[in-house]
Amino acid sequence: MSAGRIRSPLALFGGPASFSSSWPSWPAATPEIVAALQSVAESGRWAISGAFTGMRSHEQQFADAFAAYNGTRYAVPTVNGSAALTIGLEALRIGVGDEVLVPGLTWVACASAVSGIGAVPVLVDVDPQTLCISADAARAAITPRTAAIMVVHAYCSAADLDAFTALSATTGIPLIEDCSQAHGARWRGLRVGTYGVLGAFSLQQVKVLTCGEGGVAITANPELDDTMQQLRADGRRRIAVPRRGQLELEDIGSVQGRNYCLSEFHAAVALAQLPLLDQQNARRRVNAARLRVRLREIPGVLCVEPPAALTEETIYQFVIQFDPERLGPLPTRRVADALFAELGVFVEMIDAPLNANRLYNPLASRRLPLDERSRRAFDPHRFDLPAATRAQQNSVAFGHWALLGSSKHTDAIAEAVAKVVENLDDLRSA
Ligand SMILES: *Cc1c(COP(=O)(O)O)cnc(C)c1O
């Protein structure tokens, strides 16, 4: 605390809040989205499995636009991001008896998509600099059963794609990129999701590209595209030249598909949002850079610094870390509550590592084999994730829309963090 300054009590304890204006809302309806929804409603085609009306489906339009946006050839939309991961894994012929490397610090769907097809998720610790999967730890976790490496670009950072593409090339193990928190990011100038054999994205409500619930997988490989199309539409794939009044899908059945299709309403919303993504990403990036400068001035406060090779980062969940060596033991949950009270924008702890995450409970599933050896393989508690555990204990995070506002919003975040750090003793004794 600077000398002579009167410490003002935290809003959490009844003091004046740091900020009382409103925040940008997310997601935001635009006239284009409303018009797109109306046009689907009146088109008579609400699903790709509806008759061809003479107009390309919104699902196909979104697929083409999203593939082009990423500079790749194919995109297969799905009902959600989990389904995009599932069809990606299944298209690589992964299943029972296989292992897939998954970061230990990520949303539960990364691991549950793997266990959901009967393969063993092998939880790998994160790099403390990026909070994304560590390439060294991944290399050490490879066994003769490793069938894929799933990296997740998260926390406004990215997995080290130089190291992971090299690891994939030397071992021959395919690389899957989960880009659900990194739509539009670029690594050495190219979009993330195009370094691996396939990229998977969620379009769920809080992601930076959203249609409420949705997902999409991208690839440059025509065989994977063909297989993923079948996997998501009960074994059917698109007909090149459809006829009006007929189905636009043909029966193939070279794999066991299921229905993971994105509806025309959702595809139309995603399509209407896509042109906004670059400008929203740019705005968040400017505000995030400003925030990082301010936060670095506060003793004991650290940010996740994006690696230099991440030439354009996507701001999704912005993480603020507190150094317990400088600040003492951290009442992290109370720090998050205190920031929420100061700012009026939701601040929370980041998700627990998957070896200690309530939502990751593969042994509760009857889909898995019941023998002792399998149960041990799927048990999340067998993994040791010290970097992920430490990061989770010392971090809070808030959503990307808080950085879609003005510099006033951004500065308020830094001021609130400074105030909370000055009042840590009050939080500890509360
Ligand atoms: C959101 C998310 C998913 C899951 O997407 P859903 O659309 O919710 O199924 C998967 N991976 C990551 C990293 C995510 O953030």
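Residues numbered from 1 in each chain as written. Predicted model: local features only at pLDDT ≥ 70, side-chain atom pairs only at ≥ 80, totals over all residues. Heavy atoms only, no water.

Peer 1: Residue-level account of the side chain of E313, with values.
Peer 2: Relative to the assigned elements, E313 resides in the loop between β12 (301-303) and β13 (318-322). The contacts of E313, once residues within four sequence positions are left out, are C156, A185, R285, R292 and P306. (Helix = DSSP H or I, 4+ residues; strand = E, 2+ residues; numbered from the N terminus. Contact = heavy atoms within 4.5 Å.)

Peer 1: Give me helix α2 (residues 58-70): which residues, what numbers.
Peer 2: In this model, α2 (13 residues) spans 18 Å end to end at C-alpha, consistent with the 18 Å of a helix rising 1.5 Å per residue. Residues H58, E59, Q60, F62, A63, F66, A67, Y69 and N70 constitute the buried set of α2. Taken from the residues just after α2, G71 is the one with a positive phi, measuring 70 degrees. (Expected span 1.5 Å × (residues − 1). Buried < 20%, exposed > 50% of the residue type's maximum accessible area, 1.4 Å probe, protein only.)

Peer 1: Describe in detail the site of the ligand, supporting the description with residues and values.
Peer 2: Near the ligand, the surroundings consist of 15 residues, among which G81, S82, D178, S202 and K207 are the closest. Contact distances for the ligand include 2.6 Å between an oxygen atom and a side-chain N or O atom of K207. Calculation on the ligand without its partners gives an accessible area of 380 Å², and the protein chains cover 92% of this total. Those elements that place two or more of their residues in the shell around the ligand are α3 (81-91) and α4 (109-116). Looking at the shell around the ligand residue by residue, the classes come out as 4 nonpolar, 9 polar and 2 charged. (Near = heavy atom within 4 Å. Polar contact = N/O pair within 3.5 Å; in protein donor to acceptor, adjacent residues only side chain to side chain. Areas by Shrake-Rupley, 256 points an atom, 1.4 Å probe, with all protein chains shown as cover. Nonpolar A, V, L, I, M, F, W, Y, C, P; charged D, E, K, R; others polar.)

Peer 1: How would you explain the sheet that holds strand β9 (residues 215-219) if you had to name every residue and give the values?
Peer 2: Taken in spatial order, the 7 strands make up an open sheet running β1-β9-β8-β5-β4-β2-β3, and their pairing is mixed. In the strand order of this sheet, the two ends are held by β1 (74-78) and β3 (120-124), each with one partner. Across the sheet, the mean angle separating the axes of adjacent strands is 25 degrees when strand polarity is ignored. The pairing of strand β2 (residues 99-103) with β3 spans 5 bridges and is parallel. In the sheet register, E99 faces β3, and the bridge partner there is V120. The sheet strands contacting α2 are β1, β8 (198-202) and β9, and the helix crosses β1 at an angle near 130 degrees. (Pairing = 2+ DSSP bridges. Axes fitted to C-alpha atoms, helices over the stretch in contact; angles between N-to-C directions.)

Peer 1: Any details on the packing of aromatic side chains? Residues and values, ideally.
Peer 2: Two measures describe an aromatic ring pair: the distance that separates the ring centres and the angle between the ring planes. Across all of its chains, the model carries 7 aromatic pairs by this definition. With a centroid separation of 4.9 Å and an interplanar angle of 90 degrees, the aromatic rings of F66 and F201 are classed as edge-to-face. Within this pair, whereas F66 is found in helix α2, its partner F201 is found in strand β8, the two being separated by 135 residues in sequence. R284 extends its terminal NZ or CZ atom over the ring of W26, reaching a point 5.8 Å from the ring centre. (Phe/Tyr/Trp six-rings, centres within 6.5 Å; stacked < 30°, edge-to-face > 60°. Lys NZ or Arg CZ within 6 Å of the ring centre and 35° of its normal.)

Peer 1: Summarise the packing of helix α8 (residues 264-296) against helix α13 (residues 407-422); cite the residues concerned and give the values.
Peer 2: Close contact between α8 and α13 brings their axes to 9 Å; oriented N to C, the two are set at 25 degrees. Relative to α13, the element α8 lies roughly parallel. Seen along the crossing, α8 lies across α13 with a hand that is right-handed. Residues N287, R290, L291, R294 and L295 of α8 form the contact with α13, whose participating residues are S407, T410, D411, I413, A414 and V417. Partitioning the contact of α8 with α13 into residue classes produces 5 nonpolar, 3 polar and 3 charged. (Parallel < 35°, antiparallel > 145°, perpendicular 65-115°, else oblique. Left-handed = near helix turned anticlockwise from the far one by under 90°.)

Peer 1: Please give an account of unusual backbone geometry that cites residues and values.
Peer 2: Excluding glycine, residues mostly carry a negative phi; peptide bonds, for their part, are mostly trans. Residue P27 follows W26 across a cis peptide bond; omega there is -10 degrees. If you trace the backbone, P27 turns up in the segment before α1 (31-43). Despite not being glycine, L131 has its phi angle at roughly 60 degrees, a positive value. Inspection of the secondary structure assignment puts L131 in the loop between β3 and α5 (135-141). For L131, a relative accessible area of 2% translates into the label buried. Residues other than glycine seldom take positive phi values, yet C156 does so here, at roughly 65 degrees.

Peer 1: Pulling in residues and values, what's your account of the nonpolar core?
Peer 2: The biggest cluster of nonpolar side chains holds 97 residues, and the ones touching the most others in it are F66, V100, V102 and F164. Among residues more than four places away in sequence, those in contact with V100 are L89, I94, V114, A119, V120, P121, V122, A148 and M150. Judged by nonpolar contacts, the second largest core, of 36 residues, contains F19, I315, A336 and L343. (Core = buried A, V, L, I, M, F, W, Y, C linked by side-chain atoms within 4.5 Å.)

Peer 1: If you had to explain the pattern of salt bridges to someone new, which residues and values would you point to?
Peer 2: Here the structure, examined in full by the defined rule, presents 19 salt bridges. With a shortest N-O distance of 2.8 Å, R258 and E90 are connected by a salt bridge. Of this pair, R258 sits in the loop between β11 (249-251) and α8 while E90 sits in helix α3, and the two are 168 residues apart along the sequence. Of the residues examined, R258 reaches a relative accessible area of 37% and is grouped as partly exposed. Of the charged contacts, one joins R428 and D425 as a salt bridge, the two residues approaching to 2.9 Å between their closest N and O atoms. Remark: D425 and R428 occur in helix α14 (residues 424-429); sequence separation between them is 3 residues, near one turn of the helix. One connected set of salt bridges, linked through shared partners, spans E59, R232 and R238. (Salt bridge = Lys/Arg side-chain N within 4 Å of Asp/Glu carboxyl O.)

All we've got here are geometric facts, nothing functional implied.
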